[in-house]
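In case you want the letters, here they are:
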Amino acid sequence: MIQLKTMLSCIDNSGAAIVECALVVGQKRHATIGDRIVAIVQKQRGASDAGMGAASAANKVKRGDIRHAIIVRTKKQVQRPDGSVVKFDDNACVLINKAGDPIGTRVNGIVGAELRRRKWSKILSMAPMHA
């Protein structure tokens, strides 16, 4: 269950490490796997490692950017149509542009199989595994 001010880890290589949910798109109170949210980049990946100049050249997003994102993992359990229940250790998302294409080119970690029913097959194909 993702709502306003929820912090999520970003699992693609777009340059964001941690994002904060600013809006659940579609006038719903809570978002779950496969839902679209508006997110603000709170922490940039690799910014503390090699200084700001070296890290910002490869990153596609920077701290403070407002982007759309798709939720791929939630701590809250999700009931599947076959009766099984799945939940993950953390809340995670993948950043996308306004057209719905992922900003990053690689997804690190497992994603929920509910993305297939929500027509996010492009994210599923980039992920190494889905559960």
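Note that this is a predicted model, so its numbers are computed, not measured. (Residues numbered from 1 in each chain as written. Predicted model: local features only at pLDDT ≥ 70, side-chain atom pairs only at ≥ 80, totals over all residues. Heavy atoms only, no water.)

A. Fine view of the pattern of salt bridges. Under the criterion given, the structure shown has 9 salt bridges. Residue Asp 90 is joined to Arg 73 by a salt bridge in which the shortest nitrogen-to-oxygen separation is 2.9 Å. With Asp 90 in the loop between strand 6 (85-86) and strand 7 (92-96) and Arg 73 in strand 4 (residues 66-73), the pair connects residues that are 17 residues apart, well separated along the chain. According to the relative accessible area criterion, Asp 90 is partly exposed, its value standing at 25%. Among the salt bridges present, the one from Arg 80 reaches Glu 114, with a minimum N-O distance of 2.7 Å. With Arg 80 in the loop between strand 5 (78-79) and strand 6 and Glu 114 in helix 2 (residues 114-117), this residue pair connects regions lying 34 residues apart in the sequence. With respect to class, Arg 80 is no different from Glu 114; both count as buried. Sharing partners across several salt bridges, the network here consists of Lys 28, Asp 35 and Arg 118. (Salt bridge = Lys/Arg side-chain N within 4 Å of Asp/Glu carboxyl O. Helix = DSSP H or I, 4+ residues; strand = E, 2+ residues; numbered from the N terminus. Buried < 20%, exposed > 50% of the residue type's maximum accessible area, 1.4 Å probe, protein only.)

B. Focus on the environment of Gly 64. Assignment of secondary structure puts Gly 64 in the loop between helix 1 (51-56) and strand 4. Separated by 24 residues in the primary sequence, Gly 64 and Ile 40 place their C-alpha atoms 5.9 Å from one another. If near-sequence neighbours (up to four positions away) are discounted, Gly 64 is found in contact with Ile 40 and Val 41. (Contact = heavy atoms within 4.5 Å.)

C. How the structure looks around the pairing of strand 4. Strand 4 sits mainly inside the fold: 6 of its 8 residues count as buried. For strand 3 (residues 36-44) and strand 4, the ladder comprises 5 bridges, and the chain directions are antiparallel. Counterpart to Ile 37 in the pairing with strand 4 is Ala 69. As judged from the 5 bridges shared by strand 4 and strand 7, these two strands associate in the antiparallel manner. Opposite Ile 70, over in strand 7, you have Val 94 as the bridge partner. (Pairing = 2+ DSSP bridges.)

D. Structural detail: the side chain of Glu 20. Mapped onto the secondary structure, Glu 20 falls in strand 2 (residues 16-24). For Glu 20, a relative accessible area of 13% gives the class buried. At 3.3 Å, the side chain of Glu 20 forms a polar contact with the side chain of Lys 5. Once residues within four sequence positions are removed from consideration, Glu 20 is found in contact with Lys 5, Thr 6, Met 7, Val 38, Ala 39, Ile 40 and Gln 42. (Polar contact = N/O pair within 3.5 Å; in protein donor to acceptor, adjacent residues only side chain to side chain.)

E. Here's a closer look at the pairing of strand 1 (residues 7-10). With burial as the criterion, only one face of strand 1 is covered, namely that bearing Leu 8 and Cys 10; the residues Met 7 and Ser 9 on the opposite face remain uncovered. Two elements, strand 1 and strand 2, share 3 bridges in a ladder whose sense is antiparallel. Considered in strand 2, the bridge of Leu 8 is made with Val 19. Counted along the chain from strand 1 to the antiparallel partner strand 2, the turn is 5 residues long, and its residue Gly 15 has a positive phi close to 115°.

Interpretation note: all reported values are geometric properties and have no functional meaning in isolation.
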